[in-house]
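Understanding the architecture of this molecule
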Amino acid sequence: MRVNALRHLGLLWLALCSGMALAGGPTAAAREDVGGLRAQLMAVRYAVLTSELAGRISSMPLREGQRFKAGDVLVSYDCSLNRARQTRAEQAELAARKKLEVAEQLDALKSISRADVEQARAALAVAGAESGMERVMVRRCSVSAPFAGRVGETFVRAAEHVAEGKELLSVYDDSAFEVQTIVPSRWLAWLKPGMPMQLTVDETGQRHVARVQRIAGSIDPVSQSVKVIGRLDNPASGRGEVVLLHGMSGSVRIDPPTGAGKP
């Protein structure tokens with residue numbers, strides 16, 4: 001009796017699976033007809049800033065979500081040792097330059113060999129290179145914003161000692177976003193750059209209109225799909241309001257042009 005019941009349940013399950021397969025199941029193809037394509041918002045300009053030197057962070061004035069302008073200092077290091085090295089290198093360059101001047105004066109009086117003059121000139125070049133290297137290291141004592149935007153995440157704190165290459169913080173420009181979605185490759189018959197994309201953001205419930213900016217250059221042969229990237233401007237970024245954030249998600253609808261048929 002129990003064996004017959006299990007067999008009946010098994011046959012029922014197979015019938016249900018077969019019905020879903022014949023009907024297409026709850027696949028992406030079924031969701032396409034109601035405009036249920038999933039999409040993600042990515043800032044057009046996004047960067048993870050890393051440390052260019054090893055040292056102790058003395059100041060990190062901004063936290064997650066705060067805004068900044070292009071060129072603002074986001075991270076400062078304790079660089080007293082680097083500045084001392086720069087001063088020493090600049091003094092060594094000054095001394096080498098004076099030695100070359102004396103050597104050239106003696107050469108004009110035929111009181112020094114030409115080899116000694118060339119040696120003094122080479123010493124000045126070496127001192128100048130070392131001085132320039134130390135100036136570069138001092139400039140790395142602060143990390144400036146490459147563009148205006150917002151802080152996404154911070155990975156370190158002030159007073160921490162970080163190694164070279166350590167991730168410090170992520171930043172992004174919140175004035176414009178990319179809308180990334182995956183569509184069936186057969187849509188390429190009618191999908192073109194410039195077409196409107198109707199976006200509904202999950203986190204806010206707001207609707208926005210984007211434009212198809214570009215289509216990926218390769219197709220996934222397994223799912224027969226292709227990535228589509230749209231461009232969406234953030235209307236509130238200039239007023240300091242929060243409308244769109246990097247990483248938000250939602251649903252997007254792309255309607256075919258008249259006469260192109262159903263997606």
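Structure report, in brief. (Residues numbered from 1 in each chain as written. Predicted model: local features only at pLDDT ≥ 70, side-chain atom pairs only at ≥ 80, totals over all residues. Heavy atoms only, no water.)

The next subject is a nonpolar patch on the surface. Taken together, the side chains of Tyr-46, Val-48 and Phe-155 make up a nonpolar region of the molecular surface, amounting to roughly 240 Å² of accessible area. Mapped onto the elements of the fold, Tyr-46 is located in strand S2 (residues 46-50). Taking the relative accessible area as the measure of exposure, Tyr-46 reaches 38% and is therefore partly exposed. (Patch = residues over 30% accessible without salt bridge, like charges linked within 9 Å, V, L, I, M, F, W, Y side chains within 5 Å. Areas by Shrake-Rupley, 256 points an atom, 1.4 Å probe, with all protein chains shown as cover. Salt bridge = Lys/Arg side-chain N within 4 Å of Asp/Glu carboxyl O. Helix = DSSP H or I, 4+ residues; strand = E, 2+ residues; numbered from the N terminus. Buried < 20%, exposed > 50% of the residue type's maximum accessible area, 1.4 Å probe, protein only.)

It is worth spelling out the pairing of strand S10 (residues 176-184) at this point. Of all the nine residues making up S10, seven are buried; the element is thus mostly covered by neighbouring parts of the structure. Of the pairings in the sheet, the one linking strand S1 (residues 37-43) to S10 comprises five bridges and is antiparallel in character. Within the sheet, the bridge partner assigned to Leu-41 lies in S10 and is Val-179. (Pairing = 2+ DSSP bridges.)

Our focus in this paragraph is the environment of Ile-229. Within the secondary structure, Ile-229 sits in strand S13 (residues 225-233). A sequence separation of 19 residues divides Ile-229 from Ala-210, and the C-alpha atoms of the two residues are 9.6 Å apart. Filtering out sequence-adjacent residues up to four positions away, Ile-229 remains in contact with Glu-178, Val-179, Gln-180, Arg-211, Val-212, Gln-213 and Arg-214. (Contact = heavy atoms within 4.5 Å.)

Moving on to the nonpolar core. The biggest cluster of nonpolar side chains holds 25 residues, and the ones touching the most others in it are Leu-41, Val-179, Val-183, Leu-191, Leu-199 and Leu-244. Of all the secondary-structure elements, those providing two or more residues to this core are S1, S10, strand S11 (196-201), strand S12 (207-215) and S13. Ranked by the residues each element gives to this core, the list is headed by S1, at four residues. When near neighbours in sequence (up to four residues on either side) are disregarded, Val-179 contacts Ala-39, Gln-40, Leu-41, Met-197, Leu-199, Ala-210, Val-228, Ile-229, Gly-230 and Leu-232. With 20 residues, the next largest nonpolar core counts Leu-74, Val-75, Cys-79 and Val-151 among its residues. (Core = buried A, V, L, I, M, F, W, Y, C linked by side-chain atoms within 4.5 Å.)

Keep in mind that these numbers describe shape and distance, not what the molecule does.
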